[in-house]
Amino acid sequence: MVQAKGLKKSFGNMVALRGIDLAVPAGSVLGVLGPNGAGKTTTINCLTTLLKPDAGWAAIAGYDVVKQPAAVRALIGVTGQFAAVDEELTARENLILFGRLLRLSARQAAHRATELLEQFDLIEASKRRVKEFSGGMRRRLDLAASIVAEPLVLFLDEPTTGLDPRSRRQLWDMVRALQARGITILLTTQYLEEADELADRIVVIDRGTVIAEGTADDLKDRVGGTFCELELADPKDEMQVRQLLADLGDLQGRGSTLTLPAPDGVATLSEVVQRVSATGIVLADISLRRPSLDDVFFALTGHATGDEAS
Amino acid sequence: MNSADLHSKAQSLVKLRHESGINRAISDSLLIAWRNLIRLSRTPAVIVSVLLFPILFFSGFLLAFERLMSFQGIDYVQYLVPIITLQAMFFTAMGSAVTLAKDIKTGMLQRCRAMPISRAAVLGGLILAYLVRAIAATIILLTFAHLYGFRFQTSFIAILCYLVLTLLFTTTAVAGYAVFALVLRQPDLVNSLLIVPYAPLLLLSTGFSPVENFPQWLQPIVQVQPVSHTAAALRALVNGTELLVPLFWSLVWLIGLLIAFSLIAVRLYQRVS
Ligand SMILES: Nc1ncnc2c1ncn2[C@@H]1O[C@H](COP(=O)(O)OP(=O)(O)O)[C@@H](O)[C@H]1O
Ligand SMILES: [Mg+2]
């Protein structure tokens, strides 16, 4: 449904994309994962006809983004990185405006606006001006505006960056609902967790190139999955704890801080707690640590995110 | 959906949501104008200032120069109204530049660019909305001037022509200021430089004072520029003096600039990011 081959783009002598390849099969969700400045927004801009790539080729449903931009625009919905809705208009007026611009009749647009306001939990705020909205409400409205007339392909650029956890979950649910309706989705994110929650496949990009591709599990396996971190109240207990947990996996670290791979997540953690507390050893702290984008990055590239040395 | 279904769905969407053609341009411009008018109606401070400023300038210039001009044999009320009308149109166009710069900043323009809407609609919608404001400003100003004794010495047709020429001037000014906003982009920058095209064009014109009152070396420039010709044509429509020459040059300037500004604005719009 979405295909790109060798997309390149420079701004002056700043090379933003060095040849991006990606493909999103119809009805699936692709997560484009990368740190700030990796080229996510530039990739989306090339695919949505906002920027002309310097080299390479991309198509939406077979329509070339450079040669048939008008056809591509007819098929896509775009939610940019910064919620772009009209601040002075109400939520309903925004949706009606975009609906009318997308060729719905006045009546269809009004009907669709009501439907979307309900779906996106904005019905109570529908008569308020957008400038009074919270960040989460704005994002939801932005998303609603992108699907007023159902697009075949939806592009979401960092849809939850800057949102509180509750709004984030809410937005995730909405994205899942759109996928369930068969919309093909390409979303970018800086969070491995988000890509993991939403995407069927993930493409990791760094400095304008694709450095890894696969499912969330593939990527996590390359990093080693979830860890259980435990901190002992007394470092002298280290040896005893090592023996106690030896059969659970390869225990790393030394002194009071130990790390254990926790493929079963919470189950591993509670097993550790039970065994340790049965012996009367005191834990200062215990937690699960999931691999973050930083860990994935480090594993894939050997350098940290945002680390400019190459 | 299987791939054949998808393909035909894509085809029908591409057909339905085409963005070229004059009909598309008009209907999309009307929608964007509707949106701009809603915005305008919700910023009362702007409305008041735009409608009041021309009246303040009119009264001010009259108080300062009416006696002076009467020594030159000029009925200053009759002389002044056309240039104050054009000044009000400049204010209107400046308002449109600020709106456009805000839309660039919020990403609204970016969103429009990724939608299948006419490439001319953002400019068209801006012009249409600000024409509505221009009509309101002109009517209020003329009504106020009437109280000061301002009268059309001509026909009803001339009054209509006065309005039409004023609106053509506004259209060109909005297109020009759209280019201005699309080049500068930052709302603060746009705001602080609004006066740059306006002040020289307005002050170095024959609108406030006849060309003889300018220094010799400046006179050719003052005489040839569009605001002078348009003000002269409007004065002719008010007072029934020689119309054809100033009207001709005014139309040449305004239509020529309008075409140039529109083409540039639509091109710049397609590159906004
Ligand atoms: N319009 C532009 N002009 C100059 N440089 C740009 C422009 N847009 C993006 N860049 C640069 O290109 C690189 C990729 O940017 P971007 O695609 O926005 O990354 P991301 O969305 O992943 O954070 C960055 O280094 C950024 O500074
Ligand atoms: Mg970005």
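Quick notes on the rules
- Residues numbered from 1 in each chain as written.
- Chains lettered and ligands numbered in written order.
- Predicted model: local features only at pLDDT ≥ 70, side-chain atom pairs only at ≥ 80, totals over all residues.
- Heavy atoms only, no water.
- Contact = heavy atoms within 4.5 Å.
- Buried area = accessible area lost by both parts, 1.4 Å probe.
- Salt bridge = Lys/Arg side-chain N within 4 Å of Asp/Glu carboxyl O.
- Polar contact = N/O pair within 3.5 Å; in protein donor to acceptor, adjacent residues only side chain to side chain.
- Helix = DSSP H or I, 4+ residues; strand = E, 2+ residues; numbered from the N terminus.
- Nonpolar A, V, L, I, M, F, W, Y, C, P; charged D, E, K, R; others polar.
- UniProt positions renumbered as here; feature names shortened; annotations may be inferred.
- Domains from an automatic or database assignment.
- Buried < 20%, exposed > 50% of the residue type's maximum accessible area, 1.4 Å probe, protein only.
- Expected span 1.5 Å × (residues − 1).
- Near = heavy atom within 4 Å.
- Phe/Tyr/Trp six-rings, centres within 6.5 Å; stacked < 30°, edge-to-face > 60°.
- Lys NZ or Arg CZ within 6 Å of the ring centre and 35° of its normal.
- Patch = residues over 30% accessible without salt bridge, like charges linked within 9 Å, V, L, I, M, F, W, Y side chains within 5 Å.
- Areas by Shrake-Rupley, 256 points an atom, 1.4 Å probe, with all protein chains shown as cover.
- Pairing = 2+ DSSP bridges.

> Give a description of the interface of chain A and chain B that names residues and reports values.
Facing 38 residues of chain A, the contacting portion of chain B comprises 30 residues. Taken together, both faces of the contact between chain A and chain B bury some 3,200 Å²; the carbon and sulfur share is 63%. In this structure, the connection of chain A to chain B is made through 6 salt bridges. Taken together, the connections running from chain A to chain B amount to 14 residue pairs in polar contact (both at pLDDT 80 or more). Sorting the residues of the side of chain A that touches chain B by element identifies α2 (69–75), β6 (76–79), α3 (91–101) and α5 (135–146) of chain A as the ones contributing at least two each. Per-element tally for the side of chain A that touches chain B: the top contributor is α3(A), with 6 residues. Looking at the side of chain A that touches chain B residue by residue, the class counts come to 24 nonpolar, 5 polar and 9 charged.

> So what about the UniProt feature "domain: ABC transmembrane type-2" (unreviewed entry) in chain B? Which residues, and what values?
According to UniProt, the feature "domain: ABC transmembrane type-2" (unreviewed entry) maps to residues 45–272 of chain B in the numbering used here. Within residues 45–272 of chain B, the helical portion is 80% and the strand portion 0%, while the C-alpha atoms at the span's ends are 29 Å from each other.

> So what's going on with the domain arrangement of chain A? Which residues, and what values?
Once the domains are mapped, chain A shows domain 1 (2–221) and domain 2 (226–289). Computed over C-alpha atoms only, the centres of domain 1 of chain A and domain 2 of chain A are separated by 41 Å.

> Describe the UniProt feature "transmembrane region" (unreviewed entry) in chain B, and please don't skip the residues or the numbers.
UniProt marks residues 45–65, 77–100, 121–144, 156–182, 189–208 and 247–269 of chain B with the feature "transmembrane region" (unreviewed entry), using the numbering shown here. Helix makes up 100% of residues 121–144 of chain B and strand 0%, whereas the separation of the span's terminal C-alpha atoms amounts to 34 Å.

> Any chance you could break down the environment of Arg289(A) for me, citing the residues and the numbers?
All names here are of chain A. Considering the arrangement of structural elements, one finds Arg289 in strand β13 (residues 283–289). Here the alpha-carbon distance between Arg289 and Cys46, two residues 243 residues apart in the chain, equals 36 Å. Apart from residues lying up to four places away in sequence, Arg289 is in contact with Thr226, Phe227, Glu229 and Asp295.

> Give me the pattern of salt bridges: which residues, what numbers.
Scanning the entire structure with this criterion turns up 23 salt bridges over all chains. Between Arg73(A) and Glu19(B) there is a salt bridge, and its shortest N-O distance comes to 2.5 Å. In this pair, Arg73(A) is assigned in helix α2 and Glu19(B) in the loop between α1 (3–16) and α2 (22–41), connecting two distinct chains. Each member of the pair, Arg73(A) as well as Glu19(B), is classed as buried. Salt bridges sharing common partners tie together Asp86(A), Arg35(B), Arg39(B) and Asp103(B).

> Which residues make up helix α6 (residues 165–180) of chain A, and what values go with them?
Residue and element names in this part refer to chain A. Over its 16 residues, α6 runs 23 Å from end to end, which matches the ideal 22 Å to within 8%, given 1.5 Å per residue. In this fold, the buried residues of α6 make contact with α4 (106–119), α5, β7 (153–157), β8 (184–189) and α7 (192–198). Once α6 finishes, Gly182 follows within two positions and takes phi at roughly 95°, a positive value.

> Account for the environment of Gly214(A), with residues named and values stated.
Residues and elements named next belong to chain A. The residue Gly214 is located in strand β10 (residues 209–214) in this model. Residue classification places Gly214 among the buried positions, given a relative accessible area of 0%. For the pair Gly214 and Gly31, spaced 183 residues apart in the sequence, the C-alpha separation amounts to 10.0 Å. Those residues in contact with Gly214 that lie beyond four places of it in its chain are Arg201 and Ile202.

> Explain the site of ligand 1 to me, and be specific about the residues and the numbers.
All names here are of chain A. Inspection of the region around ligand 1 gives Phe11, Met14, Ala16, Pro35, Asn36, Gly37, Ala38, Gly39, Lys40, Thr41 and Thr42 as its neighbouring residues. For ligand 1, an oxygen atom lies 3.2 Å from a polar atom in the backbone of Ala38. Within the contact set of ligand 1, an oxygen atom lies 2.8 Å away from a backbone nitrogen or oxygen of Lys40. With 3 residues, the single largest contributor to the shell around ligand 1 is helix α1 (residues 40–47).

> Before we move on, could you go through the packing of aromatic side chains and cite the residues and values that matter?
Think of a pair of aromatic rings as described by two things: how far the centres are apart, and how the planes are tilted against each other in angle. Taken as a whole, this structure holds 16 aromatic pairs over all chains when the rule is applied. Aromatic pair Phe58(B) and Tyr148(B): ring centres 5.3 Å apart, planes at 80°, arrangement edge-to-face. With Phe58(B) in helix α3 (residues 44–71) and Tyr148(B) in the loop between α6 (121–147) and α7 (156–184), this pair connects stretches of sequence that are 90 residues apart. Judged by its relative accessible area of 0%, Phe58(B) is buried. Residue Tyr148(B) is classed as partly exposed on the basis of its relative accessible area of 38%. Arranged with centres 5.5 Å apart and planes meeting at 50°, the rings of Phe144(B) and Tyr148(B) form a pair that is tilted. By relative accessible area, which is 23% here, Phe144(B) ends up partly exposed. Taken together, the aromatic side chains of Phe53(B), Phe57(B), Phe61(B), Phe65(B), Phe90(B), Phe91(B), Phe169(B), Tyr198(B) and Phe208(B) make up a single cluster linked through ring pairs. For Arg168(A), the ring lying beneath its charged end belongs to Tyr191(A), and the centroid distance is 4.4 Å. Here Arg235(B) stacks its cationic end above the ring of Tyr79(B), 4.2 Å away from the centre of that ring.

> Can you tell me about a nonpolar patch on the surface, naming the residues and giving the values?
Residue and element names in this part refer to chain B. A cluster of nonpolar residues, Ile47, Val48, Leu52, Phe53, Leu56 and Phe57, forms a patch on the protein surface that exposes about 510 Å² of accessible area. Mapped onto the fold, Phe57 is located in helix α3. Judged by its relative accessible area of 32%, Phe57 falls in the partly exposed class.

> Tell me what's going on with the pairing of strand β9 (residues 201–206) of chain A, and back it up with residues and numbers.
All names here are of chain A. Within β9, 5 of the 6 residues are buried, leaving the element largely enclosed by the surrounding structure. Examined bridge by bridge, strand β3 (residues 29–33) and β9 share 4 bridges and lie parallel to one another. By the bridge assignment, Leu33 is partnered in β9 with Val204. In this structure, β9 lies alongside β10, joined through 5 bridges in antiparallel fashion. Counted as the bridge partner of Val203 is Glu213 from β10. Following β9, the chain reverses through 2 residues before pairing antiparallel with β10; Arg207 in that reversal takes a positive phi of roughly 50°.

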